[in-house]
Amino acid sequence: MVQERTLPQFHAPAAQIAPEEGLRLYEDMILGRFFEDKCAEMYYRGKMFGFVHLYNGQEAVSSGVIKSLRSDDYVCSTYRDHVHALSAGVPAKNVMAELFGKETGCSKGRGGSMHLFSSEHNMLGGFAFIGEGIPVALGAAFQSRYRRDALGDSNADQVTACFFGDGTSNNGQFFECLNMAALWKLPILFVVENNKWAIGMAHERATSQPEIYKKAAVFGMPGVEVDGMDVMAVREVAQQAVARARAGEGPTLIEALTYRFRGHSLADPDELRSKAEKEAWLARDPIKRFEGYLLEQNLADEGTLKEVRDRIQTRIDDALTFAEESPEPSPDDLYKYIFADE
Amino acid sequence: MAETLLFNALREAIDEEMGRDDTVFVLGEDVGVYGGSYKVTKDLYNKYGELRVLDTPIAENSFTGMAVGAAMTGLRPIIEGMNMGFLLLAFNQIANNAGMLRYTSGGNYKIPMVIRGPGGVGRQLGAEHSQRLEAYFQAVPGLKIVACSTPYNAKGLLKAAIRDDNPVLFFEHVLLYNLKEELPNHEYVVPLDKAEIVRPGKDVTILTYSRMRHHVTQAVKGLEKKGIDPEVIDLISLKPLDFDTIGASIKKTHRVIIVEECMKTGGIGAEIIASINDRYFDELDAPVVRLSSQDIPTPYNGKLETLTIVQPKQIEAAVENMVALKV
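Residues numbered from 1 in each chain as written. Chains lettered and ligands numbered in written order. Predicted model: local features only at pLDDT ≥ 70, side-chain atom pairs only at ≥ 80, totals over all residues. Heavy atoms only, no water.

Focus: the overall build of chain A
Here is step 1: The secondary structure content of chain A amounts to 11 helices and 7 strands.
Here is step 2: Computed over its C-alpha atoms, the radius of gyration of chain A comes to 19 Å, within 12% of the 20 Å expected for a compact globule of 342 residues.
Here is step 3: A total of 342 residues make up chain A; the buried ones form 58% of that total.
Here is step 4: Within chain A, residue pairs in contact and separated by at least 24 positions form 76% of the contacts whose partners lie at least 6 positions apart.
Here is step 5: For chain A, the accessible area works out to roughly 13,400 Å², and carbon and sulfur atoms hold 52% of it.
Here is step 6: Side chains of chain A give 37 positive and 51 negative charges; the mean places of these two sets differ by 2 Å. (Helix = DSSP H or I, 4+ residues; strand = E, 2+ residues; numbered from the N terminus. Rg over C-alpha atoms; globule rule 2.2 N^0.38 Å. Buried < 20%, exposed > 50% of the residue type's maximum accessible area, 1.4 Å probe, protein only. Contact = heavy atoms within 4.5 Å. Areas by Shrake-Rupley, 256 points an atom, 1.4 Å probe, with all protein chains shown as cover. Lys, Arg positive; Asp, Glu negative; His and termini not counted. Charge placed at Lys NZ, Arg CZ, Asp CG, Glu CD.)

Right under this line is the structure:
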């Protein structure tokens, strides 16, 4: 096991958060965790198919970043996209139905696990090839700037959050897009979820400079590393980056140090990661940690947190029922959605 | 009526569409300050500013993906591929995102974008700059593919492509930019999915597109002198193919020759032959003949290059041969 990187220190107790905001973040993280656990169950029971990449362990990143956005901002995801979609506001029932391939799914059953879209929620998609969502996110950010500066729309201050993993930071699209975003001062957050492993490729084996946030400096862009297991810390850097982007000051590269608790996908035997490494990261579970914070700071009591968990469990159960009872797409509609005018 | 060069007809189309719809913008390498390698965007930078005529770094895949994202969120990008061969570097974004994303998103997003630029075999430009990509892209679902061949159809088709709510690959030919024609003074658009009957005739149907239309036209002059009356159809739309027009012609002539600059293997002609067999086999009096380019990287040497693509004399001979076999 490679020496763990020293995590940046963040003093959560010094950060200000209203109790309602704390519960909103907590609820979002619980939603992500419970949803993914239900997916694993359904996959192993043979009700869900294909490649299913779960987000367990990384919840602080999705909640910390996306809950710092406005509802008219944009989110662009990767193949590990369920929880980003949920944080962006896509209803759990429509995400679950998509994973069941149903007509009521957010992509009408045509997309599946790695292709979750919702124009209503400005969810630009899950993208199944490494790095291919980054240029698309760049386009959404360009569109905001275009509307503001070419069309004179002073309300066009929308920000785009673009997520990807450590493996992607070795891909050409990453460098090409950082260059263009800095060049044109686009309102975008590049959020690297460095979970240390690209399937079975350890980050250090693929990357000559493992500290990804340092790559921002080449483009004259702020690069920040953050403890991706601490939602308060992620929220803090995200809020600063969003404010910069919204003010027209351009992009930020955020490297969140995090960990996936499960294998790369549910089909991954996960033989390469050491027990010691997994246990070290499991001990830093972002949800347990945030629970501790909320209780210590008297922002919530155990009863309130349990209420949240019960409410979310009900929502997941309802989503499952909805997905199971929803109709499959009609065979008559096999060719529907190829072209816009059909 | 004013005589216009093809590159200028394209420029007029872009200018007119940018004027009528401020969500239309151009991006690509050297499209702005430089005015485009073939001057299709000349002076538009001065007229519309640097965001609407955006000079990009040399990063084909990423700026193509950027156009996809811009199109998904309400703009109408026109990408200029400085040379269409470079778009092989953007294949991922064109195929996976521009082409498929409307479908995989279950109709959540539409992708109104045009990817245009010069392709085809020029004059000794070498293999990488002399590609015909239409065959590579025809298998991608969700793309429309159009090839212009005259100043008139170039302008009208490009305007239609910009207004279309789907991704359109718009092929121009490097050797046709200086073609001259008188264009109407009034505004017009040409439908993307309709073939053009260049010359009605009764003896044989010649299907062609892009620069080969002009090689066919030359061949027809010789054929006319020999009393042969071919029907010449410029396909215009390579995807979808206009089988209404193709079918009606086959029912009249019962003989088909395809003349293309595309490579033979897996080419546009191969697709047309398969489709004709599916649809009109009983109408045929002879097997369909295709005259395609050789399956080689385009050689630099001028003589070898000429041998690579179909020449008017070959077309003439093939048609004569087919008509002579008439029972």
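What follows continues from the structure just given.
Considering the sheet that holds strand E11 (residues 230–234) of chain B
All names here are of chain B.
Here is step 1: On the basis of which strands lie adjacent, the open sheet formed by 5 strands has the order E9-E11-E10-E13-E14 and mixed pairing. With partners counted over all chains shown, the strands left at the sheet margins are strand E9 (196–199) and strand E14 (289–293), one partner each. Neighbouring strand axes in the sheet, compared pairwise and without regard to direction, differ in orientation by 25 degrees on average.
Here is step 2: When E9 meets E11, the two strands line up antiparallel, connected through 3 bridges. Across the sheet, residue arginine 199 finds its bridge partner in E11, namely valine 232.
Here is step 3: Most of the contacts of helix H12 (residues 312–324) go to strand E13 (residues 256–263), to which it runs at about 155 degrees, and overall it touches strand E10 (204–208), E13 and E14. (Pairing = 2+ DSSP bridges. Axes fitted to C-alpha atoms, helices over the stretch in contact; angles between N-to-C directions.)

Some thoughts on the pairing of strand E4 (residues 76–80) of chain B
Within a regular strand, the side chains alternate between the two sheet faces.
Residue and element names in this part refer to chain B.
Here is step 1: Buried residues dominate E4, accounting for 5 of its 5 residues.
Here is step 2: Of the two faces of E4, the one carrying Arg76, Ile78 and Glu80 and the one carrying Pro77 and Ile79 are both buried.
Here is step 3: Pairing analysis gives 5 bridges linking strand E2 (residues 24–28) to E4, with the strands arranged parallel. In the strand pairing of E4, leucine 27 is matched with isoleucine 79.
Here is step 4: Here 3 bridges tie E4 to strand E5 (residues 114–119), and the two strands are oriented parallel to one another. The residue of E5 that forms the bridge with isoleucine 79 is isoleucine 115.

Describing the packing of helix H1 (residues 19–44) of chain A against helix H4 (residues 92–99) of chain A
The angle between the axes and the distance between the axes are what describe a pair of packed helices.
Residue and element names in this part refer to chain A.
Here is step 1: Where H1 meets H4, the axes come as close as 12 Å, and the angle between the chain directions of the two elements is 25 degrees. Put simply, H1 runs roughly parallel to H4. Crossing angle aside, the handedness with which H1 passes H4 is right-handed. Residues Leu31, Phe35, Lys38 and Cys39 of H1 lie in contact with H4, whose contacting residues are Ala92, Val95, Met96 and Leu99.
Here is step 2: Classifying every residue of the contact of H1 with H4 by side-chain character gives 7 nonpolar, no polar and 1 charged. (Parallel < 35°, antiparallel > 145°, perpendicular 65-115°, else oblique. Left-handed = near helix turned anticlockwise from the far one by under 90°. Nonpolar A, V, L, I, M, F, W, Y, C, P; charged D, E, K, R; others polar.)

A word on the interface of chain A and chain B
Here is step 1: Counting residues at the interface gives 43 residues for chain A and 41 residues for chain B.
Here is step 2: Taken together, the two surfaces of chain A and chain B that pack against each other cover about 3,400 Å², and 64% of this comes from carbon and sulfur.
Here is step 3: When residues of chain A are sorted by the area they lose upon contact with chain B, Phe142, Tyr146 and Phe339 of chain A head the list and together hold 18% of the total.
Here is step 4: There are 1 salt bridge connecting chain A and chain B.
Here is step 5: A salt bridge links aspartate 341 of chain A to lysine 144 of chain B, with the nearest nitrogen and oxygen atoms 3.8 Å apart.
Here is step 6: The interface formed by chain A and chain B holds 19 residue pairs in polar contact (both at pLDDT 80 or more) in total.
Here is step 7: With 11 residues, helix H5 (residues 133–150) of chain A is the single largest residue contributor to the side of chain A that touches chain B.
Here is step 8: When the residues that make up the side of chain A that touches chain B are grouped by side-chain class, the tally is 25 nonpolar, 10 polar and 8 charged. (Buried area = accessible area lost by both parts, 1.4 Å probe. Salt bridge = Lys/Arg side-chain N within 4 Å of Asp/Glu carboxyl O. Polar contact = N/O pair within 3.5 Å; in protein donor to acceptor, adjacent residues only side chain to side chain.)

Observations regarding unusual backbone geometry
Here is step 1: Cis geometry is adopted by the peptide bond preceding proline 240 of chain B, which originates at lysine 239 of chain B and carries an omega value of 0 degrees.
Here is step 2: Here proline 240 of chain B is to be found in the loop between strand E12 (237–239) and helix H9 (243–253).
Here is step 3: At lysine 196 of chain A, a residue that is not glycine, the phi angle is positive and equals roughly 80 degrees.
Here is step 4: Relative to the assigned elements, lysine 196 of chain A resides in the loop between strand E3 (188–194) and strand E4 (197–198).

Thoughts on the nonpolar core
Here is step 1: Counting residues in each nonpolar core, the largest one holds 83 residues, and the members touching the most others are Phe142, Phe190 and Leu253 of chain A together with Met72, Met113, Leu207 and Ile276 of chain B.
Here is step 2: It is H5 of chain A that contributes the most residues to this core, 8 residues altogether.
Here is step 3: The next biggest cluster of nonpolar side chains, apart from the first, holds 69 residues, and it includes Ile30, Ala92, Cys106 and Leu320 of chain A. (Core = buried A, V, L, I, M, F, W, Y, C linked by side-chain atoms within 4.5 Å.)

Overview of the packing of aromatic side chains
Here is step 1: Under the defined criterion, the tally for this structure stands at 14 aromatic pairs over all chains.
Here is step 2: A ring pair is formed by phenylalanine 117 of chain A and tyrosine 109 of chain B, whose centres lie 6.2 Å apart and whose planes are at 65 degrees; its orientation type is edge-to-face. Pair noted here: phenylalanine 117 of chain A is in the loop between H4 and H5 and tyrosine 109 of chain B is in the loop between helix H5 (101–104) and E5, and the two residues belong to different chains. Neither residue differs from the other here; phenylalanine 117 of chain A and tyrosine 109 of chain B are each classed as buried.
Here is step 3: Ring centres 5.8 Å apart and planes at 15 degrees place the aromatic pair phenylalanine 290 of chain A and tyrosine 293 of chain A in the stacked group. (Phe/Tyr/Trp six-rings, centres within 6.5 Å; stacked < 30°, edge-to-face > 60°.)

Focus: helix H8 (residues 212–225) of chain B
Residue and element names in this part refer to chain B.
Here is step 1: Here H8 is 14 residues long and its end C-alpha atoms lie 20 Å apart, about the 20 Å a rise of 1.5 Å per residue gives.
Here is step 2: Residues Met212, Arg213, His215, Val216, Ala219, Val220, Gly222 and Leu223 constitute the buried set of H8.
Here is step 3: One or two positions beyond H8, positive phi appears at glycine 227, with a value near 80 degrees. (Expected span 1.5 Å × (residues − 1).)

Brief notes about the pattern of salt bridges
Here is step 1: One pass over the full model with this rule turns up 58 salt bridges over all chains.
Here is step 2: Between aspartate 310 of chain A and lysine 306 of chain A there is a salt bridge, with the nearest N and O atoms lying 2.8 Å from each other. Here aspartate 310 of chain A pairs with lysine 306 of chain A, and both are found in helix H11 (residues 302–325), just 4 residues apart, close to one helical turn.
Here is step 3: Aspartate 310 of chain A sits in the partly exposed class, given a relative accessible area of 39%.
Here is step 4: For arginine 76 of chain B, the salt bridge goes to aspartate 165 of chain B, with nearest N and O atoms at 3.0 Å. Residue arginine 76 of chain B is located in strand E4, and its partner aspartate 165 of chain B is located in the loop between helix H7 (151–163) and strand E7 (168–173); the two are separated by 89 residues in the primary sequence.
Here is step 5: A relative accessible area of 13% means that arginine 76 of chain B is categorised as buried.
Here is step 6: Residues participating in the shared-partner salt-bridge network are Glu12, Glu16, Glu17, Arg20, Lys155, Lys159, Arg163 and Glu187 of chain B.

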